[in-house]
Amino acid sequence: MFNLVKGTHDVILSEADKYSYIEQTLIQVAEYFNYKEFRTPIMEYSELFQRSVGDSSDIVRKEMYTFLDKGDRSITLRPELTAGVIRSIVNNKLLALGDIPIKAYYVGPCFRYERPQQGRYRQFNQFGIECVGVVSPYRDVEVISLCYFSLKMLGFKSLKLVINCLGDDESRNNYKEVLRNYFEKHLDSMCGDCKERFKLNVLRILDCKDPADQEIVKNAPKIEDYLTEKSKDNFNKVLKSLDELGIEYEIDRNLVRGLDYYSDVVFEFHYTSSKGINYGALCGGGHYNKLIQEIGGPKDIEGCGFAIGIERIASVMSDDSLFDEIDDSLDCYIMPLDISYQDKALEIATSLRLNGYKSDVNLEGKGLKGMLKKAIKLSSKYALILGEDEIKNNSIVVKDLSKETQESIELDKLIDYLDEKENENHSCSCHHHEE
Ligand code: HAM
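Residues numbered from 1 in each chain as written. Predicted model: local features only at pLDDT ≥ 70, side-chain atom pairs only at ≥ 80, totals over all residues. Heavy atoms only, no water.

Undergrad: Help me understand helix 6 (residues 169-186) in this model?
TA: Each full turn of the α-helix corresponds to 3.6 residues, which orients residues three or four apart in the same direction. End to end, helix 6 covers 26 Å across 18 residues, agreeing with the expected 26 Å (1.5 Å per residue, within 8%). Residues of helix 6 that are buried: Ser171, Arg172, Tyr175, Lys176, Leu179, Tyr182 and Phe183. Of the surrounding elements, those touching the buried residues of helix 6 are helix 7 (192-200), helix 8 (211-218), helix 9 (229-245) and strand 9 (263-272). (Helix = DSSP H or I, 4+ residues; strand = E, 2+ residues; numbered from the N terminus. Expected span 1.5 Å × (residues − 1). Buried < 20%, exposed > 50% of the residue type's maximum accessible area, 1.4 Å probe, protein only. Contact = heavy atoms within 4.5 Å.)

And the structure:
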């Protein structure tokens, strides 16, 4: 027996179905917004993340899976996908003026050496998007609204957008200086992490979780007083547009996010369930105005994006029963009553599958009772019974498991029969809907 590597987990059976459902829903929304898929390598040169995610972030300082390959090159398993996607956009010279914006979506595993805990893994999956091009506050709004609609599509009802403006370089440099002056006076009593952050990126002190430090943060100077007119105007346009779209938000002046590449708008979506449980942030993102240049691209190109943790979404959806409405049932479960009918059963299953009916066949040779039990366990709509008479007559018994009715159907009329029944069910439920 081998154990799982600490912080990793198997995604199997119904759990895997949940992941596929989440990913497919997210991809569908992204495609409606005209995003295209990017698949970049899991391994990148370590320097890419040092330059982008940043030397002062916890991710680069403590959490990267970094190793030397046999050619002595420092390689890192990606802790997120933004850096790789931007690298790929730059390397592939996709930024010709006529082609921007580049709208990329991605999904795949990420690696962070974090302390494993509920919902936090060392290998986890992200879905995300990056929109790269010229600057418009409305691009940021489009990114935020894509994130909002995706979560709505997945069934999240009471979402709260938490948003902040970190300003452009000028705003941030001014602000960092006053923050340094402020925190310098309190530093002795602050936690070790804050002392580190003071040296590396003073902004990160703002999201320290230590209660005593939070008291000090409360009275710290606020970014809003140091924003340039341009940043302020930009942020106001974003907020106004969100109002118009009916996306409710809360401005949190201490939201800085854990990655160093952000500037201007940063955001997270928080979720509270119908039972009142606060699950915190489901995803996060923001604008970056220097990242593309930092990775070797042109100077005047900026971007905005977000990423959602699939594990996080799956666990909150399970906990809040949001998967209950998803239909993962089987259409047909075929039950040959004798081993010698199995090849015929397989032939019928193939024809059903080719005609769009999700089907399975019992090849375990259980008795009728056992097979029926299995059909119910699989939430199959129909149980198809193949006995001696049916083999003789080239027919099959179709048992509708929801209505407890059954009929013998000639095999060459089976698909037509099921199509008709499906149509009836469909028009029935539509009718019901209209009432
Ligand atoms: P992030 O906030 O570091 O942002 O990660 C995004 C999401 O990934 C989190 O909200 C969380 O759901 C999930 N996540 C992060 N760490 C873990 C973990 N250890 N286990 C499970 N889930 C985790 C980014 O990664 C940015 N690249 C987002 C972005 C894209 N910003 C602009 N573009």
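On we go.
Undergrad: Help me out: how do you make sense of the packing of helix 1 (residues 13-32) against helix 11 (residues 310-319) in this one?
TA: Helix-helix packing: each pair is described by the crossing angle between the helix axes and the interaxial distance. Direction vectors running N to C along helix 1 and helix 11 enclose 110°, while the axes themselves pass 10 Å from each other. Viewed along their axes, helix 1 and helix 11 adopt a mutual orientation that is roughly perpendicular. Seen from above, helix 1 lies across helix 11 with right-handed handedness. In this structure, helix 1 contributes Glu15, Lys18, Tyr19, Tyr21, Ile22, Glu23 and Leu26 to the contact, and helix 11 contributes Ile310, Glu311, Ile313, Ala314, Met317 and Ser318. Considering only residue class, the contact of helix 1 with helix 11 consists of 8 nonpolar, 1 polar and 4 charged. (Axes fitted to C-alpha atoms, helices over the stretch in contact; angles between N-to-C directions. Parallel < 35°, antiparallel > 145°, perpendicular 65-115°, else oblique. Left-handed = near helix turned anticlockwise from the far one by under 90°. Nonpolar A, V, L, I, M, F, W, Y, C, P; charged D, E, K, R; others polar.)

Undergrad: I tried to follow the site of the ligand on my own but got confused; where do I start?
TA: Near the ligand lie 25 residues; those nearest to it are Glu80, Thr82, Glu114, Tyr121 and Tyr262. Between a nitrogen atom of the ligand and a side-chain N or O atom of threonine 82, the distance comes to 2.8 Å. Measuring from an oxygen atom of the ligand, one finds a backbone N or O atom of glycine 309 at 3.2 Å. Looking at the shell around the ligand, the elements that each hand over two or more residues are strand 6 (123-133), strand 10 (278-288) and strand 11 (302-309). A total of 5 residues in the shell around the ligand trace back to one element, the largest contributor, which is strand 10. (Near = heavy atom within 4 Å. Polar contact = N/O pair within 3.5 Å; in protein donor to acceptor, adjacent residues only side chain to side chain.)

Undergrad: What exactly am I supposed to notice about the sheet that holds strand 15 (residues 395-400) here?
TA: Strand pairing in a sheet is mediated by backbone hydrogen bonds. Such pairs are either parallel or antiparallel. Read from one edge to the other, the open sheet built from 5 strands follows the order 13-12-14-15-16, with strand pairing classed as mixed. In this open sheet, the two strands that pair with only one neighbour each are strand 13 (359-361) and strand 16 (405-410). Taken over all neighbouring pairs, the strand axes of this sheet differ in orientation by 25° on average, direction set aside. Bridging between strand 12 (residues 332-336) and strand 14 (residues 382-386) involves 5 bridges; their strand directions are parallel. In the sheet register, proline 336 faces strand 14, and the bridge partner there is leucine 386. Its contacts with the sheet put helix 12 (residues 342-354) on strand 12, strand 13, strand 14 and strand 15, and the angle it makes with strand 13 is roughly 175°. Those strands touched by helix 13 (residues 368-377) are strand 12, strand 14 and strand 15, and its axis lies near 170° from that of strand 12. (Pairing = 2+ DSSP bridges.)

Undergrad: What should I look at first to understand a nonpolar patch on the surface in this one?
TA: A contiguous nonpolar patch, built from Ile42, Met43 and Phe67 and spanning about 260 Å² of accessible area, is present on the exposed surface. Take methionine 43: it is sitting in strand 2 (residues 43-45). (Patch = residues over 30% accessible without salt bridge, like charges linked within 9 Å, V, L, I, M, F, W, Y side chains within 5 Å. Areas by Shrake-Rupley, 256 points an atom, 1.4 Å probe, with all protein chains shown as cover. Salt bridge = Lys/Arg side-chain N within 4 Å of Asp/Glu carboxyl O.)

Undergrad: Please clarify how the sheet that holds strand 8 (residues 249-251) should be interpreted in this entry.
TA: Spatially, the 8 strands line up as an open sheet ordered 1-5-6-11-10-9-7-8, and their pairing is mixed. Strands with a single pairing partner mark the edges of an open sheet, and in this sheet they are strand 1 (36-37) and strand 8. Where strand 5 (residues 102-111) meets strand 6, 10 bridges bridge the pair, whose relative direction is antiparallel. Directly across from cysteine 110, in strand 6, lies its bridge partner phenylalanine 124. Docked against the sheet, helix 5 (residues 137-153) engages strand 5, strand 6, strand 7 (159-165), strand 9, strand 10 and strand 11, running at close to 15° with respect to strand 9.

Undergrad: Please explain the state of the cysteines as it appears in this structure.
TA: By definition, a disulfide links two cysteine residues through a covalent bond between their sulfur atoms. Within the structure shown, the criterion is met by 0 disulfides. Just so you know, cysteine 191 is unpaired, no disulfide at all, and the nearest cysteine sulfur is the one on cysteine 194, 3.7 Å from it. (Disulfide = S-S within 2.5 Å.)

Undergrad: I tried to follow the packing of aromatic side chains on my own but got confused; where do I start?
TA: Remark: the centre distance and the inter-plane angle together describe each pair of aromatic rings, the angle taken between the planes. A complete count under the given rule lists 13 aromatic pairs for this structure. Judged by centre distance (6.1 Å) and plane angle (25°), the rings of tyrosine 105 and phenylalanine 127 are stacked. Placement of the pair is tyrosine 105 in strand 5 and phenylalanine 127 in strand 6, with a sequence separation of 22 residues. Phenylalanine 127 carries the same exposure label as tyrosine 105, and that label is buried. Measuring from ring centre to ring centre gives 6.0 Å for tyrosine 148 and phenylalanine 269, while their planes differ by 35°; the resulting arrangement is tilted. Of this pair, tyrosine 148 sits in helix 5 while phenylalanine 269 sits in strand 9, and the two are 121 residues apart along the sequence. Each member of the pair, tyrosine 148 as well as phenylalanine 269, carries the same accessibility label: buried. Pairwise contacts between aromatic rings join Phe33, Tyr148, Phe149, Phe267 and Phe269 into one cluster. A cation sits over an aromatic face here: arginine 122 above tyrosine 113, 3.8 Å from the ring centre. (Phe/Tyr/Trp six-rings, centres within 6.5 Å; stacked < 30°, edge-to-face > 60°. Lys NZ or Arg CZ within 6 Å of the ring centre and 35° of its normal.)

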